[in-house]
Amino acid sequence: MIPASFDYHQPKTLSEAIGLLSRLGEGAKVLSGGQSLLPLLKLRLGSAGHLVDIGRVPGLEDIREEGGFLKIGGRARESDLEHSDVVRKKYPILADTAAVIADPLVRNMATVGGNLAHGDPANDHPATMLALGATVVATGSKGERTIPIDQFFTGLFETALAHDEILTEIRIPVPPPKSGGAYVKLERKVGDFATAGAAAQLTLGAGGEVVRAGIGLTNAGMTPVRAAAAEKFLQGKKLDEATVRQAARLAADAADPSPDRRGSVEYKREMARVLTARALKRAASRAQGA
Amino acid sequence: MSAPTPKTTPEVGGMGHSIKRKEDPRFLRGRGNYVDDIQLPGMLHMDIARSPYAHAKIKKIDTEKAMKVPGVLAVITGATLEQYKLHWMPTLMSDTQMVLPTDRVMYQAQEVAAVIATDRYAAADGAAAVEVEYEPLPVVVDPFKALEPGAPVLRTDKPGKKDNRIWHWEAGDRAATEKAFREADVVVKEQIYIPRIHVASIETCGCVADFDRVTGKLTVFMTTQAPHAIRTVFALVAGHVGLSEEKIRIVSPDIGGGFGGKVPVYPGYVIAVAASVVIGKPVKWVEDRMENLQADSFARDYHMTAELAAKKDGTMTAVRIKTLADHGYADAAANPSKFPAGLFSICTGSYDLKNAFCEVDGVYTNKPPGGVAYRCSFRVTEAVHAIERITDRLAQELKMDPAALRMKNFIPKEKFPYHSALGWEYDSGDYPAALKKAMDLIGYDALRKEQVEKRAKGELMGIGISSFTEIVGAGPSKHFDILGIKMFDSCELRVHPTGKAIARFGTKSQGQGHETTYAQIIAEELGIPAAHVQVEEGDTDTAPYGLGTYASRSTPTAGAAGAIAARKVRDKAKKIAAHLLEVSEDDLVWEPGKFSVKGAPQKAKTIQEIALAAYTNHPQGMEAGLEAVDYYDPPNLTFPFGSYICVVDIDRGTGEVKIRRFVAVDDCGNIINPMIVDGQIHGGLTMGMAPALLEEISYDEQGNNQAGSFMDYLVPTAMETPSWETAKTTTPSPHHPFGAKGVGESATVGAPPAIVNAVVDALAHLGVKHLDIPITPEKVWRILKEKGVAE
Ligand SMILES: Cc1cc2nc3c(=O)[nH]c(=O)nc-3n(C[C@H](O)[C@H](O)[C@H](O)COP(=O)(O)OP(=O)(O)OC[C@H]3O[C@@H](n4cnc5c(N)ncnc54)[C@H](O)[C@@H]3O)c2cc1C
């Protein structure tokens, strides 16, 4: 578990970092918290000639509400999310997610941006961000652009980020009143990737009917999965037992998991169903202020 | 029954005092000294290239690219070692295993070549650059198939070997047992598999081998639980290349967990030693986590068919167990020589069984060699699992309460010492008392009521019991040896002029706290405060010879030697006291720390005064000094026991098993340090829960390890661990010098069946009779789904 050799760069500004990435080409990789990248290098499953460490680039660690969005800096850590007041008060789904990612040691290093940029469907934030309808801000040699989360994950370990682009911010729309979300994960032990995971974000109307539903699934396919049919089904409905059951069933239909030591395809799909139902119920009770 | 009050003051800290561990200040400050902390001038580093195949012919090893990596000095292959006849080595079970292969690999991750380099990174780059051409051979993974006619014979290196059976071993009266089965009212039978698991100690294995070309002395700092035995093995194996025992020094520094995994000699040690001897510089080799999990000795892997016969009223009459033991490609266990299946014949457990028969067949497969006794004495975990599981099966069959069935069949207290049907003499026990205490603590009757109510609501909860009997402290020289060396252990005790002492032992702590508990033994016997007793182990140049620490043997053997050595010192102290006080020895009475004159307690000499006199004013004709040595040969093994009760709740949606409560009542005889005993039990319970619910090493059909890193080998953390509730009964060992029995492994042995029995109990009304470990969420969920009760 010793990586092959690589060159290490520590830019002090965003433009210097982007410059390095453009100049060094495909052999260079962004190093953020290192909690996904370094294990890959240590196992020699991947290699990189150059690591561009963005840890000294200023201004990327903030978490704040501004202009109708919760803005999470591209280098904000999981532990920052965990301890953020605004997240704890208004975005319980994010607090749920951070709390089940790895362990405190990893969370002190790992970044939310890296969790998305790694493009790993086993990571937990992608599902959450799908449920929340987030937008990713990317900055590269051609300037800044925004990428809707639905267009961000393009394949296994692949994202819409260009090689010289850095994920600088994640934007989440501030939820309207009577909103609530929850993330529920089944793991074999603490620190394990999900056997299955379900994120649900709901906004309810005056009569308790669903105005908006976002549902994302973890480890349910080659890319993070949005349970679009379930979301649509919930539109305008009240969340009684039968509705939840049917929505969960539809969500499970969207899951296309692979078998591994965590479980068979059948088990994982069924767990997507069970966890979606649980996430919906918890989200609903949070939306109702319970 | 209850713990005796301590004889010494807390300041002296003898038996029964929970004094703080003397080793902890250095560990807590990060000042321990483990093998990987050792840095020697000019030290080189070694890394190992390993086989991706489980069984393959080696057609060619090309080291050219590796030699070109900057910093790489040498690449060692089987061909290199063959020149010195070091390419094969004996195992502790008198089998053989490769150090490095010359023509064939037998398991995935087997060592193929070793790279020596000036730094650790260069060594790793060098190992990655070794090019090996393989020709895959048919792989034998399943031990049952390994025994079928026509299966590829794996050990073609053994002349005349025609199959994959290693040995057959049996114990008990086959005919009488068969008769008892024929005459039984009820017979239950279950196939029970205990999967391959790994000790996964926090510190992996490694060494620094340092051969001094001028003096010809070889020093090896090594992660070993048995340094003295290792020195002798090295002398025997490498005698022909000029290593002789007085020129070998094995040092076992601080050890980060052993659990049996650091008893064997691994190829890496031998290669590092060979490299240091050839190059003349120190060579460090420390495995990484994946090498440790994939190549080092595993544990368990027992396929058992267990049967129990009984009368209608629940009286058990006979037990019979037939087992296949998957040893991988070599029997590299570390059992006493005469016991290829360890002490598996403890499988009559805590019950007064008149008839018993067990047999075990060792089998070769294309897996790493083993299997070590992972915190289980020797195969006691397997034996206890079989009897405790099948006992619950019987209870289920007879519709009897499992606690009542156990109470009915326990060996009664009056029958100790008890001669078991399989030949052991159980030293002492009070089994009903331990179970009763556990039932009272957990509120057994109330839980049974709750279970009925929960079932009516469709909720799943279960209660599981395990009333185990351990067998530890190997062992009496009549039966116990490893490679011919008898399994005594030793203490050398020296009291200094100012009344402080140093005690050295033949064992080696790996976290058990010997520096504290051994000091307490001396404190108990001599009244010298434990704080003033320096304990040392692990350096073969200074410590007396002993067989090391495993199988819960340290307190039963070396601890006993400590007490006897202290008593020898006390005998001499008495002579000196008589001289000082000018009375006859017969007129002296001892209380911890001093001799006084009968009837005149003010006329007394403390042990400190006596110690000073031993060097400054000893009687004419007596040797100066105050010291003693003892090599303790135990008259019998000791038999710790206990009753554990576990309560589980099952999530009907996910199949997850949650341990709600776990009460562990242990009886390990007289206790030296209650806090340390509790620590041992907490750790042991967690290590017992791990294979019950999480850990397993399995292989696919090609022999690929499916759990070769901590990603899939699921070692529990504090988050998975319930809050253990512990309690004790105290039944001293009648033959041990201070009545202790050993406790290091009781909980690992006792916990798994309690958990399995609880889960089966939760599902019993659905018709479930048995579950193999680990009980994963999916395993449970499949049952829930099949029975139509899944959420
Ligand atoms: C023991 C352990 C357990 C874990 N368990 C979980 C878990 O349960 N759930 C979970 O979701 N995750 C888990 N992780 C993964 C962890 O959360 C990752 O660290 C995180 O997913 C990646 O963030 P990072 O900052 O460490 O990224 P890095 O490892 O530094 O980078 C990961 C990848 O993303 C790219 N990248 C990172 N940041 C940026 C950026 N700002 N712009 C462009 N590209 C970027 C890198 O180039 C690299 O390709 C675990 C990790 C460990 C070590």
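This one's a predicted model, so the numbers in the text were calculated from it and none came from an experiment.

1. As for the overall build of chain A
- Scanning chain A from N- to C-terminus turns up 11 helices and 14 strands.
- The dimensions of chain A, computed from C-alpha atoms along their principal axes, are 55 × 45 × 30 Å.
- Long-range pairs, those at least 24 residues apart, make up 63% of the contacts in chain A between residues at least 6 apart in sequence.
- Total accessible area computed for chain A in this model is approximately 11,900 Å², and 52% of it derives from carbon and sulfur atoms.
- Charge separation in chain A, taken as the distance between the mean sites of 37 positive and 33 negative side-chain charges, equals 3 Å.

2. Some details on the layout of surface pockets
- Its boundaries defined by the atoms lining it, the second largest pocket holds a volume of some 1,200 Å³.
- Looking at the lining of the second largest pocket, the elements that each hand over two or more residues are helix H6 (104-107), strand E11 (179-186) and helix H11 (265-287) of chain A together with strand E30 (641-650), strand E31 (657-667), helix H17 (674-693) and helix H19 (777-786) of chain B.
- The element contributing the most residues to the lining of the second largest pocket is E31(B), with 4 residues.
- Counted by class, the lining of the second largest pocket contains 21 nonpolar, 7 polar and 20 charged residues.

3. What about the site of the ligand?
Residues and elements named next belong to chain A.
- Taken together, 31 residues lie around the ligand, and Val30, Gly34, Gln35, Thr111 and Asp124 are the ones closest in.
- Between the ligand and Gln35 there is a distance of 2.7 Å, counted from an oxygen atom to a backbone nitrogen or oxygen.
- In this structure, Thr111 approaches the ligand through a side-chain N or O atom, which is 2.6 Å from an oxygen atom.
- Within the complex, 90% of the 950 Å² of free accessible area of the ligand lies under protein.
- Looking at the shell around the ligand, the elements that each hand over two or more residues are strand E2 (28-31), helix H7 (112-117) and strand E10 (166-173).
- When its residues are assigned to classes, the shell around the ligand shows 14 nonpolar, 12 polar and 5 charged.

4. Description of the packing of helix H15 (residues 554-581) of chain B against helix H16 (residues 607-616) of chain B
Residue and element names in this part refer to chain B.
- One way to put it is that H15 packs onto H16 with a least axis distance of 9 Å and a crossing angle of 90°. Put simply, H15 runs roughly perpendicular to H16. Seen from H15, the contacting residues are Ala573, Ile576, Ala577 and Leu580; seen from H16, they are Ile607, Glu609, Ile610, Ala613 and Ala614.
- Residue composition of the contact of H15 with H16, grouped by class: 8 nonpolar, no polar and 1 charged.

5. Some points on the pairing of strand E28 (residues 600-606) of chain B
All names here are of chain B.
- One ladder, built from 4 bridges, connects strand E27 (residues 594-597) with E28; its direction is antiparallel. Each residue of the ladder has a partner; that of Lys594, found in E28, is Thr606.
- Here E27 folds back onto E28 in antiparallel fashion, the turn holding 2 residues, of which Gly599 has a positive phi close to 80°.

6. A closer look at the interface of chain B and chain A
- The interface is formed by 30 residues belonging to chain B together with 25 residues belonging to chain A.
- In terms of surface lost to chain A, no three residues of chain B exceed Glu778(B), Trp781(B) and Glu791(B), which account for 21% of the buried area on that side.
- Summed over the shared surface of chain B and chain A, the result is 6 salt bridges.
- The shortest N-O distance in the salt bridge between Lys785(B) and Glu266(A) comes to 2.5 Å.

7. Considerations on the packing of aromatic side chains
Residue and element names in this part refer to chain B.
- Tallying each qualifying case throughout the model produces 26 aromatic pairs over all chains.
- Centroid distance Tyr266 to Tyr269: 6.0 Å. Interplanar angle 40°. Geometry classified as tilted. Accessibility classification places Tyr266 together with Tyr269 in one group, the buried group.
- Here the aromatic rings of Tyr418 and Tyr426 are separated by 5.5 Å at their centres, their planes lie at 70°, and the arrangement is edge-to-face. We note that Tyr418, like Tyr426, is buried.
- Pairwise contacts between aromatic rings join Tyr351, Phe410, Phe416, Tyr418, Tyr426, Tyr431, Phe639 and Phe641 into one cluster.
- Over the ring of Tyr550 we find Arg553; its NZ or CZ atom is 5.5 Å from the centre of that ring.

8. Digging into a nonpolar patch on the surface
- On the surface, a cluster of nonpolar side chains totalling about 280 Å² of accessible area is made up of Met1(A), Leu43(A) and Leu45(A).
- Within the secondary structure layout, Leu43(A) lies in the loop between helix H2 (37-42) and strand E3 (50-53).

9. Topic: the domain arrangement of chain A
- Along its sequence, chain A is organised into domain 1 (7-52), domain 2 (63-173) and domain 3 (179-284).
- Here the C-alpha centroids of domain 1 of chain A and domain 3 of chain A sit 34 Å apart.

10. Quick word on the nonpolar core
All names here are of chain B.
- Core analysis: the largest hydrophobic core is formed by 174 residues, its most contacted members being Phe234, Phe344, Trp424, Phe662 and Leu763.
- At 11 residues, helix H18 (residues 746-763) tops the list of elements feeding residues into this core.
- For Leu763, the contacting residues outside a window of four places in its chain are Leu460, Ile650, Val768, Leu771, Ile783 and Leu784.
- Counting 47 residues, the second largest nonpolar core, distinct from the first, contains Val12, Ala561, Ala600 and Ile610.

11. Here's the deal with the pairing of E10(A)
All names here are of chain A.
- Along E10, 7 of the 8 residues are buried, which leaves the element largely enclosed by surrounding structure.
- Where strand E5 (residues 69-73) and E10 come together, 5 bridges link them in antiparallel fashion. Bridged to Leu70 within E10 is Ile172.
- Pairing analysis gives 5 bridges linking strand E6 (residues 135-140) to E10, with the strands arranged antiparallel. Looking across to E10, one finds that Thr135 is bridged to Arg171.

12. So, helix H12 (residues 431-442) of chain B
All names here are of chain B.
- With 12 residues, H12 extends 17 Å between its outermost C-alpha atoms, agreeing within 8% with the 16 Å of an ideal straight helix rising 1.5 Å per residue.
- Where the residues of H12 are buried, they touch helix H11 (402-409), strand E19 (425-426), helix H13 (444-456), strand E20 (460-469), E30 and E31.
- After H12 finishes, the residue Gly443 shows a positive phi value of roughly 75°.

13. Some words on the domain arrangement of chain B
All names here are of chain B.
- Per the domain assignment, the segments making up chain B are domain 1 (24-32 + 489-632), domain 2 (35-137 + 205-286) and domain 3 (299-474 + 636-786).
- Contacts between the two partners involve 22 residues from domain 1 and, on the opposite side, 24 residues from domain 2.
- With both sides pooled, the region where domain 1 packs onto domain 2 buries about 1,600 Å², and carbon together with sulfur makes up 46% of that total.
- Interface area lost by domain 1 to domain 2 is led by Gln510, Thr540 and Tyr545, which between them contribute 40%.

14. Points about the sheet that holds strand E9 (residues 165-172) of chain B
Residues and elements named next belong to chain B.
- The strand order E9-E17-E16-E15-E10 describes an open sheet built from 5 strands, whose pairing is mixed. The open sheet terminates on both sides in strands that have one partner only, identified here as E9 and strand E10 (186-197). Adjacent strand axes in the sheet meet at a mean angle of 10°, parallel and antiparallel pairs treated alike.
- Examined bridge by bridge, strand E16 (residues 316-326) and strand E17 (residues 355-363) share 9 bridges and lie parallel to one another. Paired with Ile321 across the two strands is Cys358, which belongs to E17.

15. Section: the environment of Ile230(B)
All names here are of chain B.
- Its place among the elements puts Ile230 in helix H7 (residues 227-237).
- Among the residues examined, Ile230 registers a relative accessible area of 2% and is labelled buried.
- The spatial distance from the C-alpha of Ile230 to the C-alpha of Pro264 is 8.6 Å, given a sequence separation of 34 residues.
- Setting aside residues no more than four positions away along its own chain, Ile230 makes contact with Met222, Thr224, Ile250, Val263 and Val265.

Cut-offs used in this document
Residues numbered from 1 in each chain as written. Chains lettered and ligands numbered in written order. Predicted model: local features only at pLDDT ≥ 70, side-chain atom pairs only at ≥ 80, totals over all residues. Heavy atoms only, no water. Helix = DSSP H or I, 4+ residues; strand = E, 2+ residues; numbered from the N terminus. Contact = heavy atoms within 4.5 Å. Areas by Shrake-Rupley, 256 points an atom, 1.4 Å probe, with all protein chains shown as cover. Lys, Arg positive; Asp, Glu negative; His and termini not counted. Charge placed at Lys NZ, Arg CZ, Asp CG, Glu CD. 1 Å grid on protein atoms, 1.4 Å probe; cavity = no way out; pocket = protein on both sides within 12 Å on 5 of 7 lines; lining within 4 Å. Points joined across faces, edges and corners; volume = space filled by probe spheres on them. Nonpolar A, V, L, I, M, F, W, Y, C, P; charged D, E, K, R; others polar. Near = heavy atom within 4 Å. Polar contact = N/O pair within 3.5 Å; in protein donor to acceptor, adjacent residues only side chain to side chain. Axes fitted to C-alpha atoms, helices over the stretch in contact; angles between N-to-C directions. Parallel < 35°, antiparallel > 145°, perpendicular 65-115°, else oblique. Pairing = 2+ DSSP bridges. Buried area = accessible area lost by both parts, 1.4 Å probe. Salt bridge = Lys/Arg side-chain N within 4 Å of Asp/Glu carboxyl O. Phe/Tyr/Trp six-rings, centres within 6.5 Å; stacked < 30°, edge-to-face > 60°. Buried < 20%, exposed > 50% of the residue type's maximum accessible area, 1.4 Å probe, protein only. Lys NZ or Arg CZ within 6 Å of the ring centre and 35° of its normal. Patch = residues over 30% accessible without salt bridge, like charges linked within 9 Å, V, L, I, M, F, W, Y side chains within 5 Å. Domains from an automatic or database assignment. Core = buried A, V, L, I, M, F, W, Y, C linked by side-chain atoms within 4.5 Å. Expected span 1.5 Å × (residues − 1).

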